[in-house]
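Residue-level structural notes
Residue-level listing of the chains:
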Amino acid sequence: MLIQGLLVTSLVLSGAPAAGAKARVDCAKVTCLALTFDDGPGPRTGALLDVLKRERVHATFFLMGKHVEQLPKVVRRTMAEGHAIGNHTYSHPSLPTLLDQEIIDEIRLTQDAIQEVTGRRPRMFRPPYGNTDDRVLRLAGSQDLSQVLWTGTTLDWKLRDPARIKAAVLRLAKPNGVILMHDTVPQTVQAMPEILKELKKRGYHLVTVPTLLGGRTPDAGVSFP
Ligand code: NI
């Protein structure tokens, strides 16, 4: 009884939709922010999914194909729990340095790995290191992918400190923003409960990139934001 009471209270305070996963956030009407996590899945992704589930928050995960092959169950869970999934190449190279066919292979192997595990081919792609150019964008488009970059990067992989990662997210947060983090950085996962609490307190609805765009993915060959 007491636990139930606390749960209801925390939901009201956090402003989370009471109807659960089916409640649709309209980012034209409320203040939205998209949290994105690159390079996974990894050993800490399950713990991150636990936190997101508890807080009823949806995020976007840009996965590496070779990690998908190692942790298929985590990828299936990510999709089942309502998060959006994008392609972050197979082995994380800097794409502009590669030949056309190498770029296509990096993208396609990852599309295949994700489809094998989830039954669906991603529509979004994020280039490693954010290194991209017109050629990379065109080749991604040829694989039916949009390019999703970010409005703020936490540099969590360099900070490696929960308090500093939290401070970076709060500094970078802005309406309709896209924040880049890594679920492969343990301190990011560690900081997440506090980050979510504070962002909600500031009125943000934490959504996937497609939800941020009104329920659709950006068109293939288009770069966002
Ligand atoms: Ni990356």
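Counting from 1, residues in each chain are numbered in the order their sequence is written. This being a predicted model, a pLDDT of at least 70 is required before a residue's local features are given, and a value of 80 or more before pairs of side-chain atoms are given or counted; all residues contribute to the totals for chains, interfaces and linings. Values reported for side chains reflect all heavy atoms of the structure, with hydrogen atoms and water molecules removed beforehand.

1. Some thoughts on the coordination of the nickel ion
In ideal tetrahedral geometry, four donors around a metal make angles of 109.5 degrees, whereas ideal octahedral geometry with six donors gives angles of 90 or 180 degrees. Selection criterion: The rule for donors is simple: N, O or S, within 2.8 Å of the metal, or within 3.2 Å if the metal is Na, K or Ca. Water isn't counted, so a site may look like it is missing partners. Put simply, DSSP marks the helices as runs of H or I at least four residues long and the strands as runs of E at least two long, and each gets a number from the N terminus on. Relative accessibility thresholds used throughout: buried, under 20% of the residue-type maximum; exposed, over 50%; partly exposed, between the two (1.4 Å probe, protein chains only).
Coordination of the nickel ion by the protein is provided by Asp39 (OD), His88 (NE2) and His92 (NE2), with metal-donor distances spanning 2.0 to 2.1 Å. Sequence positions of the donors to the nickel ion reduce to the motif D-x48-H-x3-H. Highlighted residues: aspartate 39 in the loop between β1 (32-38) and α2 (45-54) and histidine 92 in the loop between β3 (84-87) and α5 (100-118), separated in sequence by 53 residues. On the accessibility criterion, histidine 92 (14% relative accessible area) is buried.

2. Quick word on helix α9 (residues 186-201)
Note the threshold: Expected span, for any helix, means 1.5 Å times one less than how many residues it has. What is called the bend at a residue is the angle between a pair of axes, fitted to the seven residues leading up to and ending at it and to the seven starting from it.
A rise of 1.5 Å per residue sets the reference length of α9, with its 16 residues, at 22 Å; its end C-alpha atoms lie 24 Å apart and thus fit the reference within 8%. Along α9, the sharpest kink reaches roughly 45 degrees, centred on methionine 192 and followed within four residues by the proline proline 193. For α9, the complete set of buried residues consists of Gln187, Thr188, Val189, Ala191, Met192, Ile195, Leu196, Glu198, Leu199 and Lys200. Once α9 finishes, glycine 203 follows within two positions and takes phi at roughly 95 degrees, a positive value.

3. A word on the pairing of strand β7 (residues 177-182)
Applicable threshold: When DSSP locates at least two bridges between a pair of strands, those strands are taken to pair.
Along β7, six of the six residues are buried, which leaves the element largely enclosed by surrounding structure. Side chains of β7 alternate between two faces, with Gly177, Ile179 and Met181 and Val178, Leu180 and His182 buried alike. Judged from the six bridges that link them, β1 and β7 form a sheet pairing that is parallel. Each residue of the ladder has a partner; that of leucine 33, found in β7, is glycine 177. Two elements, strand β6 (residues 152-153) and β7, share two bridges in a ladder whose sense is parallel.

4. Things to note about the environment of serine 146
Secondary-structure assignment places serine 146 in strand β5 (residues 146-148). Accessibility expressed as a relative area gives 1% for serine 146, which makes it buried. Taking the C-alpha atoms as reference, serine 146 lies 9.9 Å from asparagine 87; in sequence the two are 59 residues apart.

5. Here's the deal with the nonpolar core
Generally speaking, soluble globular proteins have nonpolar side chains that are buried together. For clarity, the threshold we go by: We call a set of buried residues a nonpolar core when its members are Ala, Val, Leu, Ile, Met, Phe, Trp, Tyr or Cys and they connect through side-chain atoms within 4.5 Å of each other. Every residue pair with non-hydrogen atoms within 4.5 Å of one another is taken to be in contact.
Judged by nonpolar contacts, the single largest core of 34 residues is most densely connected at Leu35, Met192 and Leu199. Contributions of two or more residues to this core are made by β1, α2, β2 (60-63), α4 (72-80), α5, α8 (162-172), β7 and α9. The element best represented in this core is α9, accounting for six residues. Other than its neighbours up to four places away in sequence, leucine 35 contacts Ala59, Thr60, Ile179, Met181, Met192, Leu196, Leu199, Leu206 and Val207. Cys32, Ala34, Ala84 and Val148 belong to the second largest nonpolar core, which has twelve residues in total.

6. Let's talk about the state of the cysteines
The criterion, for reference: Counting rule for disulfides: a pair of cysteine sulfur atoms within 2.5 Å.
All told, the structure shown has one disulfide when counted by the stated rule. Note that cysteine 27 is cross-linked by a disulfide to cysteine 32, the S-S spacing being 2.1 Å. With the S-S bond torsion at -85 degrees, the cross-link from cysteine 27 to cysteine 32 turns out left-handed. Taken as a pair, cysteine 27 and cysteine 32 share a single burial class, namely buried.

7. Side note on the packing of α8 against α9
Convention followed: Every axis in this analysis is a line fitted to C-alpha atoms, fitted for helices over the stretch in contact. Angles between the N-to-C directions lie between 0 and 180 degrees. We call two directions roughly parallel when the angle between them is under 35 degrees, roughly antiparallel when it is over 145, roughly perpendicular when it lies between 65 and 115, and oblique otherwise. Helix crossings get a hand from a simple test, with the near helix turned counterclockwise from the far one by less than a right angle marking a left-handed crossing and a clockwise turn marking a right-handed one. By the convention adopted, Pro, Cys, Tyr, Trp, Phe, Met, Ile, Leu, Val and Ala count as nonpolar, Lys, Arg, Asp and Glu as charged, and the other residues, Gly among them, as polar.
Running from N to C, α8 and α9 cross one another at 45 degrees; their axes reach a closest spacing of 8 Å. Considering their axes alone, α8 and α9 lie oblique with respect to each other. As for how α8 packs across α9, the hand of that crossing is right-handed. Mapping the contact onto sequence places Pro162, Ile165, Lys166, Val169 and Leu170 in α8 and Gln187, Thr188, Gln190, Ala191, Glu194, Ile195, Glu198 and Leu199 in α9. Looking at the contact of α8 with α9 residue by residue, the class counts come to seven nonpolar, three polar and three charged.

8. Some words on unusual backbone geometry
In this structure, proline 41 follows glycine 40 across a cis peptide bond, with omega equal to -5 degrees. Within the secondary structure, proline 41 sits in the loop between β1 and α2. One non-glycine residue, arginine 56, lies in the positive phi region at around 55 degrees. Checked against the element boundaries, arginine 56 lands in the loop between α2 and β2.

9. Focus on the pattern of salt bridges
As a reminder of what qualifies: When a carboxyl oxygen of Asp or Glu is within 4 Å of a side-chain nitrogen of Lys or Arg, the pair counts as a salt bridge.
Counted according to the given criterion, the structure contains 13 salt bridges. Across the salt bridge formed by glutamate 81 and lysine 53, the nearest N and O atoms sit 3.6 Å from each other. Of this pair, glutamate 81 sits in the loop between α4 and β3 while lysine 53 sits in helix α2, placing them 28 residues apart in sequence. Look at lysine 53 and you get exposed, because its relative accessible area is 54%.

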